[in-house]
Amino acid sequence: MTKAEVITKISEKTGIQKDDVTQTVEAFFKVVKDSMAEGDNIYVRGFGSFINKKRAKKIARNISKNTAIVIDEHYVPAFKPSKSFIEKIKNSQTVKELAPQE
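Rules used throughout
- Residues numbered from 1 in each chain as written.
- Predicted model: local features only at pLDDT ≥ 70, side-chain atom pairs only at ≥ 80, totals over all residues.
- Heavy atoms only, no water.
- Helix = DSSP H or I, 4+ residues; strand = E, 2+ residues; numbered from the N terminus.
- Buried < 20%, exposed > 50% of the residue type's maximum accessible area, 1.4 Å probe, protein only.
- Contact = heavy atoms within 4.5 Å.
- Axes fitted to C-alpha atoms, helices over the stretch in contact; angles between N-to-C directions.
- Parallel < 35°, antiparallel > 145°, perpendicular 65-115°, else oblique.
- Left-handed = near helix turned anticlockwise from the far one by under 90°.

A. Quick look at unusual backbone geometry. A positive phi angle, near 55°, is found at Asn66, a position not held by glycine. The residue Asn66 is located in the loop between β3 (58-62) and β4 (67-71) in this model. Given a relative accessible area of 71%, Asn66 falls into the exposed group.

Next up, the structure:
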């Protein structure tokens, strides 16, 4: 499902104009990005948490050139679903199977 499809579905369910829904969704994404860039985590009860995960400093190796570089510790964004979210997906009978990787 794409962002446009999500916006359409929200608009249909709420009766709110698509333009207003688009502005709201875009504002939500901007708040999430800006907050996480400042080091804040976002907790949405019943849905999940947008968190910054710390990656430790490590040495990466390029086997073909036989070289090593140091990757400093850094943060990456992550999403951790809530227990109720996980249970809803587990109990769903309509979850589509992912295509096997070749």
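B. Region of interest: the environment of Phe85. Structurally, Phe85 can be placed in helix α3 (residues 83-90). Between the C-alpha atoms of Phe85 and Met36, which are 49 residues apart in sequence, the distance is 22 Å. Excluding its chain neighbours within four sequence positions, the residues that come into contact with Phe85 are Gly46, Phe47 and Phe79.

C. Structural context of the packing of helix α1 (residues 3-14) against helix α2 (residues 18-37). α2 packs onto α1 with a crossing angle of 125° between their chain directions and a minimal axis gap of 9 Å. Taken together, the axis directions place α1 and α2 in an arrangement best described as oblique. Crossing handedness for the pair α1 and α2: right-handed. Between α1 and α2, the contacting residues are Lys3, Ile7, Thr8, Ile10 and Ser11 on the first element and Lys18, Val21, Thr22, Val25, Glu26 and Phe29 on the second.

Everything listed here is a matter of coordinates, which is why it stays silent on function.
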